[in-house]
Amino acid sequence: MSKLFVSTHPLISHKMAMLRNKDTGAKEFRELISEVATLLCYEATRDVPLCDCEITTPITTTTCKVISTGFAVVPILRAGIGMVDGMLSLMPTAKVGHIGLYRDPETLEPVEYYCKLPADIAERKVFLTDPMLATGGTADAAIGFLKDKGVKDITLLCVLSAPEGVERVQKAHPDVDIYTAAYDDNPLNDHGYIVPGLGDAGDRIFGTK
Ligand code: URA
């Protein structure tokens with residue numbers, strides 16, 4: 001079974017309270033999503049592989065540990081984009097791919113409408129970003145698409161998660177760890193929103209409502 005990491009860090013807790021507040025405007029909301037993404041990125045990279053590297057300091061030469069794998073950040077359009085800059089602030093050499101999915105109204109199956117990934121994506125450790133893990137349908141499908149492209153190492157980063165989404169992703173992808181800033185342990189409401197939640201993350205990031 002994959003790992004579910006739920007942050008208990010006071011900085012994240014405080015920022016989550018501000019994100020949940022309906023009176024927080026788009027500018028501040030965007031900044032908070034980005035800051036939470038940075039803090040989650042710090043946690044999610046705790047176990048990345050290291051290798052030895054010879055470094056010459058002003059005094060002598062020494063063996064240091066450096067990260068031995070390439071990273072990619074892949075936001076799920078559109079709200080996942082709000083987490084990218086925060087991640088890149090800690091991993092500036094990561095490549096960025098994009099995945100867009102919509103649900104076919106007839107079949108209810110997720111359909112890929114946009115996909116642009118780094119050519120060497122299969123060799124990279126991929127951090128898939130989506131602020132809201134609600135039903136888990138989109139994350140499940142996006143992880144499936146990445147696996148179809150040969151990606152073997154995927155971590156899902158979310159700002160807020162609900163039990164339904166976590167269970168769906170863990171069942172379909174037991175190899176994918178989930179890092180979330182908060183977990184609302186309630187059923188989704190009739191509109192598929194997380195409760196108490198923070199509303200529509202995409203609309204609040206981009207000011208579209
Ligand atoms: N997507 C959102 O933006 N918010 C939710 O609560 C659920 C899905």
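From a predicted model like this one, the values you see are computed outputs, not experimental measurements.

Let us now look at the side chain of Ser 161. With respect to the secondary-structure elements, Ser 161 resides in strand β10 (residues 153-161). Since its relative accessible area comes to 0%, Ser 161 is described here as buried. Looking at Ser 161, its side chain comes within polar contact range of the side chain of Thr 180, at 2.9 Å. Ser 161 has contacts with Leu 133, Val 166, Thr 180, Ala 182, Tyr 183, Asp 184 and Ile 194, leaving out every residue within four places of it along the chain.

Turning our attention to the state of the cysteines. Applying the stated criterion across every chain, the model contains zero disulfides. You can see Cys 53 has no disulfide; the closest cysteine sulfur is in Cys 64, sitting 6.7 Å from it. Among the residues examined, Cys 53 registers a relative accessible area of 25% and is labelled partly exposed. With no disulfide of its own, Cys 115 has Cys 158 as its nearest cysteine by sulfur position, at a separation of 18 Å. Relative accessible area serves as the criterion here: at 25%, Cys 115 is assigned to the partly exposed category.

In this section: the pairing of strand β4 (residues 71-75). Counting buried positions along β4 gives five out of five residues, so the element sits mostly inside the fold. Where burial is concerned, the two faces of β4 agree: the one with Phe 71, Val 73 and Pro 75 and the one with Ala 72 and Val 74 are both buried. As paired elements, β4 and strand β8 (residues 125-129) share five bridges and run parallel to each other. Residue pairing across strands places Val 74 opposite Leu 128, the latter belonging to β8.

Cut-offs used in this document
Residues numbered from 1 in each chain as written. Predicted model: local features only at pLDDT ≥ 70, side-chain atom pairs only at ≥ 80, totals over all residues. Heavy atoms only, no water. Helix = DSSP H or I, 4+ residues; strand = E, 2+ residues; numbered from the N terminus. Buried < 20%, exposed > 50% of the residue type's maximum accessible area, 1.4 Å probe, protein only. Polar contact = N/O pair within 3.5 Å; in protein donor to acceptor, adjacent residues only side chain to side chain. Contact = heavy atoms within 4.5 Å. Disulfide = S-S within 2.5 Å. Pairing = 2+ DSSP bridges.

Function-wise, these values are silent; they only describe arrangement.
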